[in-house]
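If you want the building blocks of each chain, they are given just below.
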Amino acid sequence: MTSSMNNLDLHDLGVAELAAQLAAGTVSSVEVTQHFFNRIQQHSALGAFLALDADVSLAQARAADARLAAGERTPLLGVPLAHKDVFVTRDFPTTAGSKMLENYRSPFDATVVSQLASAGMVSLGKLNCDEFAMGSGNENSAYKPVQNPWDTSRVPGGSSGGSAAAVAARLVPAATGTDTGGSIRQPASLTGITGIKPTYGRCSRYGMVAFASSLDQAGPMARSALDCALLLSAMAGPDPDRDSTSLDLPALDYAADLTAASQQGGAKPLQGLRIGLPTQFFGAGCAPDVLAAVRGALAEFEKLGATLVNVSLPLTELSIPVYYVIAPAEASSNLSRFDGVRYGHRAAHYTDLTDMYKKSRSEGFGDEATRRIMIGTYVLSHGYYDAYYLKAQKIRRLIAQDFQTAFAQCDVIAGPVSPTVAWKIGEKGDDPVASYLADIYTLSSSLAGLPGMSVPAGFGAGGMPVGLQLIGNYFKEAQLLGAAHQFQLATDWHQKAPGVSA
Amino acid sequence: MSKDQKSLLVQGYEVVIGFETHTQLTTQSKIFSRASTSFGAEPNTNASAVDFALPGALPVMNKGAVQRAIEFGLAVNAHIAEKSIFARKNYFYPDLPKGYQISQFEIPVVQGGVVEFFLDGEKKSVRLVRAHLEEDAGKSLHEDFIGQSGIDLNRAGTPLLEIVTEPDMRSTAEAVAYAKELHKIVTWIGICDGNMQEGSFRCDANVSVRKPGQPLGTRREIKNLNSFKFMQQAMDYEIRWQIEQIEDGHEIQQATVLFDPDTGETRSMRSKEDAADYRYFPDPDLPPLVIGRDWVEKTRSEMSELPRVMAARFMTGYGLSEYDAGQLTQSKATAAFFEAVAAASGQAKLASNWVMGELSRHLNMEEKSIEASSVGAAQLAALIGRIADGTISNNAAKQVFETLWIGEGQDVDAIIEAKGLKQMSDNGELEKIIDDVLAANAKNVEEVKAGNAKAFNALVGQAMKATKGKANPAQVNELLKKKLG
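About the thresholds
- Residues numbered from 1 in each chain as written.
- Chains lettered and ligands numbered in written order.
- Predicted model: local features only at pLDDT ≥ 70, side-chain atom pairs only at ≥ 80, totals over all residues.
- Helix = DSSP H or I, 4+ residues; strand = E, 2+ residues; numbered from the N terminus.
- Rg over C-alpha atoms; globule rule 2.2 N^0.38 Å.
- Buried ≥ 20, exposed ≤ 12 C-beta atoms within 10 Å, placed from the backbone.
- Axes fitted to C-alpha atoms, helices over the stretch in contact; angles between N-to-C directions.
- Parallel < 35°, antiparallel > 145°, perpendicular 65-115°, else oblique.
- Left-handed = near helix turned anticlockwise from the far one by under 90°.
- Contact = placed C-beta atoms within 7 Å.
- Nonpolar A, V, L, I, M, F, W, Y, C, P; charged D, E, K, R; others polar.
- Domains from an automatic or database assignment.
- Pairing = 2+ DSSP bridges.
- Expected span 1.5 Å × (residues − 1).
- Arc of directions from axis to C-beta.

(A) Examining the overall build of chain B more closely. For chain B, the count of helices and strands is 16 helices and 17 strands. Relative to the globule expectation of 23 Å for 485 residues, the C-alpha radius of gyration of chain B, 30 Å, shows a markedly less compact shape. Each principal axis of the C-alpha distribution contributes one length, and for chain B these read about 95 × 55 × 50 Å. When burial is assessed residue by residue, chain B has 41% of its 485 residues classed as buried.

Laid out in structure tokens, this is it:
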């Protein structure tokens, strides 16, 4: 059902292509915005969006058109996108997928949101996600599940499931996502799109509803590495007055790097690139269909000149318990502000302060958020802190060291993103641990703070997409995007569209 | 030593006191946000997204608060940590918007240090454990809302330096003297405005008692003492209460107590059993606070002279006693006043006596600060000059001072002239008066000759009376002795 190239529809265009059309004046931002808005409404059954406001979006589009008319030509001007609902926005409500924040309206925009707005991008609204970004199937949204456009009986992945589904179904050309333990890479993989989680601190966390502060990182989700590069250039950069953990490194023009590299061309554009394959990522835990697609993609990289080397990340398995101690610990504290006192859900009836806290929080938080608050509270408690939290922090440092050892032998690390393709909605039922175990390939790089991305690599069981994960060393986003871009110039996996996009 | 120690015992018990003091720092904006720290604004107007703990808001360290912590550390000879860590202290309360307080737990910014002061002429030193940076909470207002509480977050995020001592104090008087000295230091270096009513300087006293030689007793913590008077009352009450309990055979339970100024009693807020588990952990929103040695040294070089350094200079430079030097350096203003008088008069010892004596007596009586003194430094210097050159007696000088104080005159010499206070320096005139006195008091003269010293003093008195106090008593003495041979 992929659109043929001679029958292009606006929604088949990516960010770079739309920007070119807008710059050429063949289409206006208002037309583009209206087109995508209509598509979002046609495909509302996917459950990708939590908030829409045509007036707001069209006003932004008109402002972009005015800038275009005034002669401004910048790479994202007039191109629409949508934001994961953990980015606070003035123009739309921000719920973080939780009843706790139903109808909450922020008085300020997240830094990432305002930077993309300054670049002239038009916001189409807010995208569904797991409650407070906790989940890997988008089934923990307090509002509705999100369907995978490749098979609407399956999950799109999570927690940025709305972002992934919307991009895959061509409801938006690009979206923002956040990744704490894989929440950009895994849904990108499960929906056949491209997504990058930058180095921790590369994008400001100001205005992201915090889940686990030492892990949370914003990143773009789009159809191609080039489109991700365009967005990341606008999203990244230091924010010293608002986020003390943002890196003091200027944003780079990632897209310009890609264009320059592809012009150099040659039959083996990745000559000299050493790709490390951690033995722990290619074991029995990974489904054969996924491994087959990943190996196929790696063979393509070899054709492009890259060499494959075996490396070892011996603590990979420990990344699961370490992550599920540290992330809930931070979450338990981060979610304490949702107490019913100043904003958010407050129980209608209560007898005293303690009762108000208990009822408001019990009613406002879903099961997964509650579970993580309880785990986090437990591991920080007197008498357990050393055994859990402190021990986990020590192992976290060792995991980061293992990556440095591996990077002595290779430039990027590759492997699967998810051990399986997207599963059926409801299939994992009430077994949170089964979901946690499926995070095994994304958690370790999150714990180390490394950049990682998911690149469409083919299809597995049930015709469902499979993503290839590329992990780079600190600050090496450009290298990841460059490798992915070369791969996408040579392959068309990223151009495949699900049937629902017709 | 043992004798002193013994005299401090209360009903045979030794008192052990440690202090935790929350000093509000004088930054214009809050410790982790740009909101103003000014006092008295409409509720919730001095609060930003960070102070309201809105979703997505993040803390950013106020460098000015760190600067003040460094200054304090240097003022008490403490170690300024190269790297200290902010931690979250987790608990739920409506005036704690994030559900945790950002504080420092395992590694504070100021480590060690000592506070030295005099108590009844005896030098005391109290060791500090630490001083750490943290944010204040907001306020719950229970009065104006029937059946509900109001929350004012203006104070939330106000920077505090919490200063913690070792349990080094052995009497309530010593503890109050420590608090006063600490108050002097933080206001002197300007990191705290010292306003106790507004809560800028709040003390918690950890109090326990024990029989001499025994291990430390169980302590109870008296929270939020915001006047030196209440501090003393609260601790005195608490000590009596603890001794009574022990004497009655009860064990002291660790507890947090509040002092009620109306009843003069302390009452328990919570016992150790309900102590919260704060689940401290390093705040992932704030990187470690790294303070380069260049920052410390730059601060050291730019700091004004500290009170103890100034006191030492007063001792060596002006020849003052340690006690006098300590008294004169109670505040920057007092020290400056003294130095101005000493410089203008060239009489440091007299200047010291007058500033601490007559001047401070008048200031205390009218509850005035030295900045608002009715007698200026130049006037006092002129007055001291006239004592030194023998123009007036000390008693006459007090009359001049009084005249200056109440504003009946401005010029010292004019007042002396107008009041006729000049000492009789003319020996001829004085000799004549003394001759008259001797003639009129023949009986006394005989007694003096018989060896009665009292009679001699009576003659001095008569002579002074006859000169209306204008004679120099030393001169009168000398002349009388000569004439009575």
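From this point, things continue past the structure.
(B) Representation of the packing of helix H14 (residues 442-449) of chain B against helix H15 (residues 453-466) of chain B in the model. Residues and elements named next belong to chain B. Running from amino to carboxyl end, H14 crosses H15 at an angle of 140°, the nearest separation of the two axes being 7 Å. Taken as axis vectors, H14 and H15 run oblique relative to one another. As for how H14 packs across H15, the hand of that crossing is left-handed. Between H14, through Asn444, Glu447 and Val448, and H15, the contact on the second element is made entirely by Ala455, Phe456, Ala458 and Leu459. Looking at side-chain class alone, the contact of H14 with H15 contains five nonpolar, one polar and one charged residues.

(C) Spatial organisation of the domain arrangement of chain B. Considered domain by domain, chain B is made up of domain 1 (2-297), domain 2 (305-419) and domain 3 (427-484). Using only C-alpha atoms to locate each centre, domain 2 of chain B and domain 3 of chain B end up separated by 33 Å.

(D) Quick look at unusual backbone geometry. Residues and elements named next belong to chain A. For the bond from Gly158 to Ser159, the omega torsion is 5°, close enough to zero to count as cis. The backbone phi angle of Arg170 is positive, close to 60°, even though this residue is not glycine. Mapped onto the fold, Arg170 is located in the loop between helix H5 (161-168) and strand E4 (174-179).

(E) Structural detail: the pairing of strand E10 (residues 452-459) of chain A. Residues and elements named next belong to chain A. For E10, the tally of buried residues reaches seven of eight residues, placing the bulk of the element in the interior. In terms of strand pairing, strand E5 (residues 194-197) meets E10 through three bridges, oriented antiparallel. When the bridges of E10 are listed, Lys197 appears paired with Gly452. In the sheet, E10 pairs with strand E11 (residues 465-472) via seven bridges, with the strands oriented antiparallel. Opposite Gly452, over in E11, you have Ile471 as the bridge partner. From the end of E10 to the start of E11, which pair antiparallel, there are five residues, and Gly462 there has a positive phi angle of about 70°.

(F) Local environment of the interface of chain B and chain A. Each partner contributes to the interface: chain B provides 26 residues, whereas chain A provides 34 residues. Split into classes, the residues belonging to the side of chain B that touches chain A amount to 18 nonpolar, three polar and five charged.

(G) The arrangement of the packing of H15(B) against helix H16 (residues 473-484) of chain B in detail. Residue and element names in this part refer to chain B. Viewed as axis vectors pointing N to C, H15 and H16 meet at an angle of 125°, and their least axial separation amounts to 10 Å. Compared by their axis directions, H15 and H16 come out oblique. As H15 packs across H16, the resulting crossing turns out to be right-handed. Residue-level contacts link Phe456, Leu459, Val460, Ala463 and Met464 of H15 to Pro473, Val476, Asn477 and Leu480 of H16. Classifying every residue of the contact of H15 with H16 by side-chain character gives eight nonpolar, one polar and no charged.

(H) Looking closely at the sheet that holds strand E5 (residues 100-104) of chain B. All names here are of chain B. Across the sheet, three strands lie side by side as E5-E4-E16; this open sheet has antiparallel pairing. Two strands bound the open sheet, and with one partner strand each, they are E5 and strand E16 (281-282). Sheet topology note: the strand E4 (residues 86-90)/E5 ladder contains five bridges and is antiparallel. When the sheet's bridge partners are listed, Asn90 is paired in E5 with Tyr100.

(I) Examining helix H6 (residues 307-318) of chain B more closely. All names here are of chain B. Over its 12 residues, H6 runs 15 Å from end to end, which matches the ideal 16 Å to within 8%, given 1.5 Å per residue. Turning to H6, its buried residues number three or more, namely Pro307, Met310, Ala311 and Phe314. One face of H6 carries all of its buried residues, which in axial projection span an arc of 105°. Elements that come into contact with the buried residues of H6 comprise helix H3 (172-188), helix H7 (322-328) and helix H8 (332-345).

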